[in-house]
Amino acid sequence: MAQFKELVFSGVQPTGNLHLGNYLGAIKRFVTMQETHDCIYCVVDMHAITVWQDPKELKRQIREVTAAFIAAGIDPKKHIVFNQSQVAQHAELAWVFNCVARMGWANRMTQFKEKAGKDRENASVGLFAYPMLMASDILVYRATHVPVGEDQKQHLELTRDIAQKFNNDFAESIAENGYGDAFFPITEPLIHGPATRVMSLRDGSKKMSKSDPSDYSRINLTDDADTIATKVRKAKTDPEPLPSEIEGLKTRPEAENLVAIYAALTNTTPEDVLRDHGGSQFSGFKAALVDVSVTKLAPIADEMRRLMADPSHIDAVLADGSDRARVLAAQTMDAVKDIVGFVRSR
Ligand code: AQP
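Calculation notes
Residues numbered from 1 in each chain as written. Predicted model: local features only at pLDDT ≥ 70, side-chain atom pairs only at ≥ 80, totals over all residues. Heavy atoms only, no water. Near = heavy atom within 4 Å. Polar contact = N/O pair within 3.5 Å; in protein donor to acceptor, adjacent residues only side chain to side chain. Areas by Shrake-Rupley, 256 points an atom, 1.4 Å probe, with all protein chains shown as cover. 1 Å grid on protein atoms, 1.4 Å probe; cavity = no way out; pocket = protein on both sides within 12 Å on 5 of 7 lines; lining within 4 Å. Sits in = over half its atoms within 2 Å of the grid points. Helix = DSSP H or I, 4+ residues; strand = E, 2+ residues; numbered from the N terminus. Buried < 20%, exposed > 50% of the residue type's maximum accessible area, 1.4 Å probe, protein only. Phe/Tyr/Trp six-rings, centres within 6.5 Å; stacked < 30°, edge-to-face > 60°. Lys NZ or Arg CZ within 6 Å of the ring centre and 35° of its normal. Contact = heavy atoms within 4.5 Å. Points joined across faces, edges and corners; volume = space filled by probe spheres on them. Nonpolar A, V, L, I, M, F, W, Y, C, P; charged D, E, K, R; others polar.

(A) Main features of the site of the ligand. Taken together, 23 residues surround the ligand, and among them Asp151, Lys207, Ser209, Lys210 and Ser211 come closest. Within the contact set of the ligand, an oxygen atom lies 2.7 Å away from a side-chain nitrogen or oxygen of His19. Between the ligand and the protein, one listed contact pairs an oxygen atom with a side-chain N or O atom of Asn22 at 3.1 Å. Relative to its unbound accessible surface of 640 Å², the ligand loses 95% to contact with the protein. Because more than half of its atoms lie within 2 Å of the grid, the ligand is assigned to the largest pocket.

What follows is the structure, given as structure tokens:
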């Protein structure tokens, strides 16, 4: 297998209500990765429209995700921050991947089943084709590492399958065009840490999600200190005190979730948290959780508000990132056209 330069890619949909799960499962880890890798972080607006979005709201939400990236600590000068729709090669490569991926593979995607629900006939074709566009987002940069939450694991496996099948189907042409024995890397999903699946504050069996109708199910990145305190206080728990050992959390999903959130926010482990708080009643533990949540999230929310007050600055960041991303994506797409056998006019 050919060697690929290490490169990180990940994306967040501008679908409103950015929450603690998006932060701990993805954005916080994006910030860490930029210390050791070249990173490309994308506001995946074309994914967002797989379900209806109000155009004016969509524009605001694209800027809000960009603001969240910057406020959390991503440096758009050192790395690339842009919105997907501005680099046409994502959609171009997705078409090639629609022709590489098999119907059976796409049919197995649980996220489509969950999002389409019972009314599958009425779901958009785009929602079904979403995983092929996601593979294209990653592979148009030939990215090697993708930090994501647990819910994206299946889509990343599909990305690996698509890369492998492309490399096999076009092996001869890849070699003839001078790319050795593989054109696309087999991307490594990075799903680490205590909060790869943050659960709803109202129901420990459901993931914290932007689309949950109850705002009390999630902590939004834009919530103020009072709102965070109210939501944490109201979070569902059970009557027992916190256990001292991890095993004691096994059958207590809501307690397990709050401990995982605390660990992720304080860069510790659930074991550390139980060492300090084992035996505490939830009233005391929740007060401590409010403190760490507000300490961590309030500066991000303040900075997001400051950035959102100047949309032209955010737009300039996105325009600069798109220009730089387009150069890289065009190189890949030119090579793909040669490999597939398209006659290039330029
Ligand atoms: N609850 C979560 N815990 C940990 N990570 C999560 N992510 C999402 N929810 C959690 C991660 O956040 C990144 C961006 O997600 P996305 O916006 O692209 O899409 P999503 O996974 O569909 O997010 P939501 O909030 O659950 O939206 P809806 O309600 O529309 O389905 C991804 O890395 C994701 O894993």
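(B) Region of interest: unusual backbone geometry. The phi angle at Asn17 is positive, at roughly 50 degrees, despite the residue not being glycine. Topologically, Asn17 is positioned in the loop between strand S1 (7–12) and helix H1 (20–33). Phi at Asn267 is positive, roughly 55 degrees, even though this residue is not glycine. Take Asn267: it is sitting in the loop between helix H11 (253–265) and helix H12 (270–277). We classify Asn267 as exposed; its relative accessible area is 57%.

(C) Examining the packing of aromatic side chains more closely. With the rule as written, the count across this model stands at 14 aromatic pairs. An aromatic cluster is built from Phe97, Phe166, Phe170, Tyr179, Phe183 and Phe184, whose rings are joined through pairwise contacts. When the ring centre of Phe183 is taken as origin, the NZ or CZ atom of Arg142, which lies over that ring, is 4.2 Å away. If you follow Lys234 out to its NZ or CZ, it ends over the ring of Tyr216, 5.7 Å from the centre.

(D) Region of interest: the environment of Ala123. Position of Ala123 among the secondary structure elements: in the loop between helix H6 (110–116) and helix H7 (125–139). Between the C-alpha atoms of Ala123 and Thr50, which are 73 residues apart in sequence, the distance is 8.5 Å. Ignoring anything within four residues of it in the chain, the contact list for Ala123 reads Phe112 and Ala116.

(E) Here's a closer look at the layout of surface pockets. Taken as a whole, the largest pocket spans an internal volume of roughly 1200 Å³. For the largest pocket, the lining is made up of 45 residues, of which Gln111, Lys115, Asp151, Gln152 and Lys207 are closest to its centre. Those elements giving two or more residues to the lining of the largest pocket turn out to be S1, H1, H6, H7 and helix H8 (153–169). The element that contributes the greatest number of residues to the lining of the largest pocket is H7, accounting for five residues. Its residues placed into classes, the lining of the largest pocket shows 14 nonpolar, 20 polar and eleven charged. Approximately 330 Å³ is the volume found for the second largest pocket. Along the wall of the second largest pocket there are 17 residues; nearest its centre are Leu7, Tyr141, Arg142, Leu328 and Gln331. For the lining of the second largest pocket, the secondary structure elements donating two or more residues are strand S2 (38–43) and helix H14 (311–340). Here the lining of the second largest pocket gets four residues from one element, more than from any other, and that element is H14.

Shape is all these values report; function is a separate question.
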